[in-house]
Structure formats: C-alpha cells, structure tokens
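In case you want the letters, here they are:
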Amino acid sequence: MKAIRRFTVRSVLPEPLQPLEELVLNLRWSWHPETLELFESVDPDLWEATRHDPVRLLGEVSPERLSALTGDRRFLRALGDAVDDLREYVTAPRWYQRLTDAPTAIAYFSPEYGIAAALPQYSGGLGILAGDHLKTASDLGVPIVGVGLLYRHGYFSQSLSPDGWQQERYPPIDPAGLPLTLLREADGTPARVGVGLPEGRTLSAQIWIAKVGRVPLLLLDSDVEENDPVARDVTDRLYGGGTDHRLLQEMLLGIGGVRAIRAYSRITGNAAPEVFHTNEGHAGFLGLERIREYIEQGLTFDEALEATRAGTVFTTHTPVPAGIDRFPRELIERYFGGSNEEGSLPADRILALGAESYEEGDPAVFNMAVMGMRLAQRVNGVSELHGHVSREMFGGLWPGFDTDEVPIGSITNGVHGSTWVAPEIIDLARRELPDIVELGRGWEGVEKVPAAEIWRIRRTLRARLVEDARRRLRESWRQRGASEAELTWIDDALDPDVLTIGFARRVPSYKRLTLMLRDPERLKSILLDPERPVQIIIAGKAHPADEGGKRLIQDIVRFSDDPAVRHRIVFLPDYDMALGQSLVQGCDVWMNNPLRPLEACGTSGMKVALNGGLNLSIRDGWWDEWFDGNNGWAIPSADRADDPDRRDDIEAQALYELIEDHVTALFYDRAGEGGTPRRWLEMVKHTLASLGPKVLAGRMLRDYVQELYAPAAASARRLSADGNAGAKALATWRHRVAKAWPAVSVEHVESTEAGKTPHLGTRLTVRATVQLGELRPDDVAVEVAYGRVDDHDALVQPSYLELSEAEDLGESRFRFTGEVPLDRTGPFGYSVRVVPRHDLLASRAETGLIALPPAPIGMTNGDLR
Ligand SMILES: *Cc1c(COP(=O)(O)O)cnc(C)c1O
C-alpha cells in the first residue's frame, strides 16, 4: 500500500550533541570539509548510505551510537570547535564590511538554487550559479537575502530504461527532512504571503528559510492548507506543468517574493534591501510589486517605475530563444487585468513593459526578458561574448543606437572554490601557497609547486572518480534489469590510469551531446587505442518534454552499451551536484562543444580548471574570453558553414584531430621526472596560474558589488531622497523629453578642415546646428562620434566627445562646437548625434531616444597622414 503522507521523524539528540542541530541547519557544512568530516565520524557507514546527507544521517543514526558519542571526548571537542568556527564565520567582519556606502542589503531572486545535492532545487547552470552566488556572498560578507521557491518534487531524478530511454521520477521532499526552518510570526504561527488571483482567489505560501552561511535564502511554498488544490500545486515541480502553471510560479516568486522579504524584515529586523537583483526573466514580476509599493506611498506609476528601475539589476542568462520566457499576451491580461486588476497597476501598463515592440517582435507575446530590461536600470550578460550577443539580440529596444552602445554590460560568471575544488587540492594550496587560500593572490607561485605532487593528487582524484563511476554504473544496470552475474565486467570498467575525458551538461540541442558520435568508428579507435587509450564519462538530463534530447541520450547509451567499448565510455544517470563534484575533480579533460555563440557562459570547465584539469572546448562563453593558447585547447568553430550538418562534420573532425594528435600525445608523453607527463603538467600549472584568479566566484561577486550593486544603491538613494523627489523629477523630465523629441533634429554640421588633407596630431573643429524644439540645451548632449571607418563608411568602435553650447541662434536653434583630436592615421570619419542627458540616467542610450543628421555628413573616408 502506498503511504498518503510522508514525513521524517527526527531523533532527539542527547544534550551534549545538541550543537549538531545548529551545524546541520546551516548549509555552510556543504562547503566546509571539517564539518563534513565531523558528520562522517558520527557513523561512517551510514554517512555513505545516506549519500552524505547530514539531516538523514541524524534521522537514522541509532540511539546506541548517539549515546556512545556523548562519552566520546574527541568527538565532543571536534563538535565544539566546529560550532565555534561556524559562529565566528557568520559574525566576523569580512571583505564587504570594509566598504563605505555599500548597500545595506541586496535581494537576489532566482527560480532555482543549487546549494547542495541534499537540497535538489535546481536543474542546471542557472541554479548552480545562484547557489555559488549566495555562498560567495556569505564568504565575502555581502548582505544578500536570497528568494526562491521550494519545489516539493524538485527537479526530476533520472534513470534509464533497458533500451536507454530517460525515465523521470519525482520523489517528494519533506521540508522537515531538509535543513530548513519555517519563518514564524512572534506568536509562533507560520508567516504567510498571498498573491491575488482572478475571481477573488488567493495564492498563499509559507516561507522556509535555508541558512547559506551568513545568507538567508527564503523559499516560498504553496503547499498550505488554505490553498485550493491548484494553488497548492503551484510549487510542485521546477519547470514542470503548462504555461498557466509557469505563470503562477513566476507570480509567486516575483510578487510573493517581495512580500516574503517584507515579512522577513518585519519579523527579524533585517535591513530592507536597497537593490533587487533579478536573476533571469523568471523572477521579473518583482518589479511590478515594487512599483505597487511605491504607488502606495503616493507616487504615480511613472514615478514608481523610475524609483524601481534605479534599484534593480537584471541579469540575462541565455541567447537561446527557447530559454527566454514568453507568455501569450492574453494570459497576462487574464491574470493582471479583469477581476484581478489593481487600480494602481493597470493591465495595459504591465503589458507594455513586456511588449516586443521592435522589428521582428511578436505582438501576441509578453516577453519576460524584455520586461526585465525595462524594469532595471542596469542589465548584464554573463560573459563578454554573451554581453555582445545580448546587445545584438535586444538592440531593438534601443533603436538608433549602435550595438556597442546598447546598455547591456557583462560580468563573467565564476564558481565557488570550496564547493567544487577537491580537498586534496585545497590542502596542497594551503601547504605550498597559503596566500592563494587566505588572500586570493599569488597564483603565479603555482609554477613552483612540484609537478610530481600535482600528478600524484590527480591520480588519486581520477581513481576516486573511477570508483564512483563503477558504483553508479552498477546501480544503473541493476535498475535497467541486469542481474549481478551479468555485471562482473563493471569491476574492470574504466581505468584509474587512462586519460579521462568528462562531458556533462543539460541536453538542449545546442550543447550537441552526440557530436562525438559523428564518426562512431573513429571514436571507437580513439577509445581503444592500444598505446594511448581514452575513456569518456558522460552525464546529463534532458528536459522531460524534450523528446529530441532523450533520443540523444539514448544514442549515447546505446553506443556505450556495446561490449567492445563499454569499459571506456559510460553514461552515468542523474547528473546532480554530487556527481558534478566527482566529475570535475576526477577528469583530466573537460570537453564542451556547444554551437557558438549559444552557451552564455558555462561554468563546469572553470571547476575543472581549478582542480588541475584541462579544457577542450569550442570558443564560446567564458572560454572565448580566457583561452590563451596554452591553457587548454580550442575546438575551431565552423560558424560560417550555413549547413548545420556540414558544420557538425567539420567541428567533429577538428575535435577528433585534437584528441588524437594533441591531447593524448601530451598526456602519454612521460618524459618528466618519475615518469610524469612533463608538458601536460606544465599546461596544468599554466591553467591554474592564468585562470585561478579569474574563475573564482569571489572575483564575480566583487564585480557585481562594485559595478552594479553599489551604483544601483547610489541611484536608488538619490531617487528616493526627500520623499522621492528625484523619482518625481526624473519621471517628469522623461515625459517632457519624450513628448518634445520628435521636434529635435541635427540641421547642419561643418568642420574647419573640410576640403584640406588633415594631418595626424591636429584637431578638427566641429560645429553642429541643432533644433531643440521645446527642450533646453541642458536637456541634451550633442556629441560627435569619431574614429576609424570601415569600407561602408560605418564608424568602428567610435569615441565620443560632447560638444559645448556656443550660440543661441533663436527659434530653438543652437550651435554646439568642439575639437576632435585626429589621433590615428588611416580612414577616419565622424558624425554627430543628439541624445537626452540627465544626471540620473545610467547610460546615454537609456531613454532609447536619439537624433541623427539626415544624411551622411562629415569627412568619411578621409585619409589621415
Ligand atoms: C557546474 C554545473 C552545471 C553548469 O555547468 P555548465 O558548464 O553551464 O554546463 C550544471 N549542473 C551541475 C550539476 C553543475 O555542477
């Protein structure tokens, strides 16, 4: 019989062991090796059996063992030390506490979080990044409050059918069996937030708190009694259900999330956030709730929009159209209009925020990324290349501006070292290079670490991965129906001394899981090479609705089922953080072959690099930025081939060649001391020295604080001071400028040097006559854009110089003038533009308004000598 309810009975810890509870309830254990060792020592076998889940461990440990521990002085001392260490960790001042004028608190909203394997609330890169963001914020003392949803079934667990088809299971989680506590009012009743739905219904949620070191993570859970069955299931699964379901999840995350933050501040006295960070479009409705709050304080919609935008940061995470959230317009109308319309938030204003109001936009669609950009004054992509691609993709929102000027920047992702780096590597660093561990500098010292020492650790990690892979393989084959007698081959599957390539990721088509199968015979000969064999370990989940992705997995599984190769290539089901850790630590090479430029950043290769592995990847995302020719291999991209099949052929060929001629050659060339691969280890050292300082999430978080959070807080303060005077002024100004803009034009431009051959080092005086209509000269910036021009007279990465007002010519016409330095030889050109100017704007392009001269003017293609 199936149980209708499931819950976890926790054992009552004897008094001397009570501090274990405090340790378990702070997820810092997930990246703190000493605490993990302490848990292990509670009961080593049970620790393995519970897959390193301390809540389950304490739930299942026998009373006899617990009472033995109460008399174990060494254990009690270690317990005391661990608790002291945690208390010190969560209270001592850190990097952030030395900053001045930094935001008092930052709210971070994300639909998924990958904190620990025991808290399965993530599907892939977006969630893992969010988890690493919170952990790093904690390490640096950044006062973030995370907001997300608690999915009762998380993402799915993956297994395989006998013929290699992905099977999904959704085991329920029991919040009481997780390191979570319920947010309660002072009288002990669980706090509630509600979101209004059409026909007078309400979607209620309770709020679980996960402690991520110093950072509280609030997780909204709609499985509460007062909800109707539909509302109750809103937080059932991550990325499950239809469009309506998805919209309800996002309303709860965004609107309910802001309300949860308010409840949390009210109950705990935590400072109200000055900055709201929207991690991907899914959380975008938070901006609407903040607008509503400002309207409640007496602002108009437009003023509230200014105040909200100033303190909002939006990060876009994917250039893949299917990854961008879009809802049918009428669905938004149904949920935000009709009986559910709030007078202060008219549905048409909301619809306008998500409208694809640009060429090629779909008028029937509400786009969450577009809304994210309209609701945030600061927007970024997650690698330099992705920033560029995003400026191209969303450039239509700022028509008239060159791609380079579209106000979307980038901060390249990073990874949380203590989560992903093997303890052996961290110990080696502590011994040899303490500055790296303590101060985050001194990476160049890596060159001096004995190569044999690195090689010894690499073998340990590879052997551990092989053990783990065999265990998982056996489990998978049993699930597929094999009997023990058929599985003896697994004892010898994989080899701790063979070059090990890892390939693990979600399975959307752009990641090309099966590119390596393009020429199966060639792959076989690479795997089975008698002198230089290769083994490949593969993992990845396809979205449950993605039949194509499941077919790719099946292709891989079928290939690796072949007795001729099954000891050299394996597919391990249920890719999660635990398997991820094992892979990134144990693999020698991390292979990544997405269709450039569709991988926004990618982070797993960074984890591998920090563990002394090497990357073999298409130049996409972060690898495009930091590959330097010596820290791994770049698979050449055939992005000019128009036929996708041909492109796959070319890139697969290149991949095989790299493995055959370079990767294996280097790995098996054992010319070094004691039979070590000398040149390989040089490359490993160079990888650590060159990438170490860049790929850690500490760099990423400092970038976010300095480039986005602190400026956003400064803007928000300026707008909210004196009863929101700045917000009111900016809204009035923006309205006035937009209304007057059609009359603004550049009438005439002239320069002194026209006609003569200009020389390097001289200056060009530019004079522009502009018509400003109702505007005043200080409402605008008149700028000359100048620099190199290409064959089509387009300025290439121009410089800008603001002209100054010289003369009032009457009838709203003004002459502006300035001197352009002729500082480079070759083809040179310039143009002039008028853009709105206000010191509360974050970029020149922000309003999307621009006036350009009617026809090409200036001295294009003039040759400077
Ligand atoms: C690091 C990680 C990811 C993200 O990796 P990508 O490089 O973006 O594919 C996804 N899942 C798990 C389990 C990870 O550890």
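Residues numbered from 1 in each chain as written. Predicted model: local features only at pLDDT ≥ 70, side-chain atom pairs only at ≥ 80, totals over all residues. Heavy atoms only, no water.

It is worth spelling out the overall build of the chain at this point. What the chain contains, in helices and strands, is 27 helices and 30 strands. What you see for the chain is a C-alpha radius of gyration of 29 Å, in line with the 29 Å of a compact globule of 865 residues. In terms of overall dimensions, the chain has C-alpha extents of about 95 × 70 × 50 Å along its principal axes. Counting only residues that meet the buried cut, the chain has 58% of its 865 residues in that class. Contacts in the chain between residues far apart in sequence, at least 24 positions, make up 72% of those at least 6 positions apart. Within the structure as shown, the chain displays about 35200 Å² of accessible surface, and the carbon and sulfur contribution to it stands at 49%. In the chain, 98 side chains carry a positive charge and 129 a negative one; their mean positions are 2 Å apart. (Helix = DSSP H or I, 4+ residues; strand = E, 2+ residues; numbered from the N terminus. Rg over C-alpha atoms; globule rule 2.2 N^0.38 Å. Buried < 20%, exposed > 50% of the residue type's maximum accessible area, 1.4 Å probe, protein only. Contact = heavy atoms within 4.5 Å. Areas by Shrake-Rupley, 256 points an atom, 1.4 Å probe, with all protein chains shown as cover. Lys, Arg positive; Asp, Glu negative; His and termini not counted. Charge placed at Lys NZ, Arg CZ, Asp CG, Glu CD.)

Let us look at the layout of surface pockets. Estimates place the volume of the second largest pocket at around 1600 Å³. Around the second largest pocket, the lining comprises 48 residues; the ones closest to its centre are Ser418, Ile436, Val437, Glu438 and Leu696. Among the secondary structure elements, those contributing two or more residues to the lining of the second largest pocket are helix H2 (33-42), helix H6 (73-91), helix H7 (125-140), helix H16 (417-420), helix H17 (423-432), helix H18 (434-439), helix H26 (678-695) and helix H27 (697-740). Examining the composition of the lining of the second largest pocket, we find that 8 residues originate from one element, H17, more than from any other. Its residues assigned to classes, the lining of the second largest pocket shows 25 nonpolar, 9 polar and 14 charged. (1 Å grid on protein atoms, 1.4 Å probe; cavity = no way out; pocket = protein on both sides within 12 Å on 5 of 7 lines; lining within 4 Å. Points joined across faces, edges and corners; volume = space filled by probe spheres on them. Nonpolar A, V, L, I, M, F, W, Y, C, P; charged D, E, K, R; others polar.)

Let's shift gears to empty space enclosed by the protein. Tallied over the entire structure, the rule returns 7 cavities of 30 Å³ or more. Of the pockets and cavities examined, the largest cavity occupies roughly 90 Å³. Every residue lining the largest cavity is counted, 13 residues in all, and those nearest its centre are Leu473, Trp477, Arg480, Asp561 and Phe571. Only helix H19 (451-479), helix H21 (547-561) and strand E19 (569-571) provide two or more residues apiece to the lining of the largest cavity. Broken down by class, the residue content of the lining of the largest cavity amounts to 8 nonpolar, 2 polar and 3 charged.

Near the ligand you find Gly124, Gly125, Ile128, Trp420, Lys511, Tyr575, Asp576, Met577, Gly602, Thr603, Ser604 and Lys607, and these make up its full shell. One nitrogen or oxygen atom from the side chain of Ser604 is found 2.5 Å from an oxygen atom belonging to the ligand. Measuring from an oxygen atom of the ligand, one finds a side-chain N or O atom of Lys607 at 2.6 Å. Looking at the shell around the ligand residue by residue, the class counts come to 4 nonpolar, 5 polar and 3 charged. Each of domain 2 (105-413 + 708-719) and domain 3 (443-694) contributes no fewer than three residues to the shell around the ligand. (Near = heavy atom within 4 Å. Polar contact = N/O pair within 3.5 Å; in protein donor to acceptor, adjacent residues only side chain to side chain. Domains from an automatic or database assignment.)

A separate point is the side chain of Thr664. Position of Thr664 among the secondary structure elements: in helix H25 (residues 644-667). Polar contacts involving the side chain of Thr664 include one to the main-chain carbonyl oxygen of Ile659, which spans 2.9 Å. Leave out the neighbours within four places in its chain, and Thr664 touches Leu499, Arg532, Val534 and Ile659.

Our focus in this paragraph is the domain arrangement of the chain. Splitting the chain by domain gives domain 1 (15-91), domain 2 (105-413 + 708-719), domain 3 (443-694) and domain 4 (744-864). When each unit is reduced to the centre of its C-alpha atoms, the spacing between domain 2 and domain 4 is 41 Å. Contact with domain 2, which involves 13 residues of that partner, is made by 16 residues of domain 4. Roughly 1200 Å² is buried in total at the junction of domain 2 and domain 4, and carbon and sulfur atoms are behind 51% of that figure. Summed over the shared surface of domain 2 and domain 4, the result is 3 salt bridges. (Buried area = accessible area lost by both parts, 1.4 Å probe. Salt bridge = Lys/Arg side-chain N within 4 Å of Asp/Glu carboxyl O.)

Our focus in this paragraph is the sheet that holds strand E24 (residues 763-771). Spatially, 4 strands are ordered E23-E24-E28-E27 in an open sheet, and the strand pairing comes out antiparallel. Taken across any chain shown, the strands that pair with only one partner, and hence form the sheet edges, are strand E23 (745-751) and strand E27 (804-810). Ignoring which end each strand starts from, the neighbouring axes of this sheet average 25 degrees apart. Across 5 bridges, the pairing between E27 and strand E28 (residues 813-821) is antiparallel. For Glu805, the partnering residue across the bridge sits in E28 and is Phe816. (Pairing = 2+ DSSP bridges. Axes fitted to C-alpha atoms, helices over the stretch in contact; angles between N-to-C directions.)

Let's shift gears to the nonpolar core. Counting residues in hydrophobic clusters, the biggest one holds 102 residues, and the most contacted among them are Met516, Leu583, Leu616, Trp633 and Trp680. Each of domain 2 (105-413 + 708-719) and domain 3 (443-694) gives at least three residues to this core. (Core = buried A, V, L, I, M, F, W, Y, C linked by side-chain atoms within 4.5 Å.)

This part takes up the state of the cysteines. Per the counting criterion, the structure on display carries 0 disulfides. Cys587 takes part in no disulfide bond, and the closest cysteine sulfur, belonging to Cys601, lies 19 Å away. The buried category is assigned to Cys601, whose relative accessible area is 3%. (Disulfide = S-S within 2.5 Å.)

The buried count for helix H11 (residues 301-310) comes to 9 of 10 residues, which makes it a mostly enclosed element. Among the residues of H11, those classed as buried are Phe301, Glu303, Ala304, Leu305, Glu306, Ala307, Thr308, Arg309 and Ala310. On its buried side, H11 packs onto helix H10 (286-296), strand E12 (312-315), helix H13 (347-353), helix H14 (368-375), strand E15 (378-381) and H27.

Before going further, it helps to examine the pattern of salt bridges. Using the criterion set out here, one finds 67 salt bridges in the structure. We note a salt bridge from Arg292 to Glu289, for which the minimum N-O separation is 2.8 Å. Of this pair, Arg292 and Glu289 both sit in helix H10, separated by 3 residues, roughly a single helical turn. Judged by relative accessible area, Glu289 falls into the buried class, the value being 3%. Notably, a salt bridge pairs Glu484 with Arg474, separated by 3.6 Å at the nearest N-O pair. Taken together, the residues Glu484 in the loop between H19 and strand E17 (499-504) and Arg474 in helix H19 connect sequence positions 10 residues apart. Taking the relative accessible area as the measure of exposure, Glu484 reaches 44% and is therefore partly exposed. Owing to a relative accessible area of 19%, Arg474 belongs among the buried residues under this scheme. Sharing partners across several salt bridges, the network here consists of Arg512, Arg518, Asp645, Arg647, Asp648, Asp649 and Glu651.

One open sheet accounts for 6 strands, arranged E19-E18-E17-E20-E21-E22; its pairing is parallel. One side of each edge strand has no neighbouring strand; the edge strands of this open sheet are E19 and strand E22 (632-635). Strand-to-strand, the axes of this sheet are offset by a mean angle of 15 degrees, without reference to chain direction. Where strand E18 (residues 534-539) lies against E19, 3 bridges are found, and the strand directions are parallel. Its bridge partner being in E19, Ile538 is matched across the sheet by Phe571. Together, E17, strand E20 (589-592), strand E21 (614-618) and E22 form the strand contacts of H26, whose direction differs from that of E21 by roughly 75 degrees.

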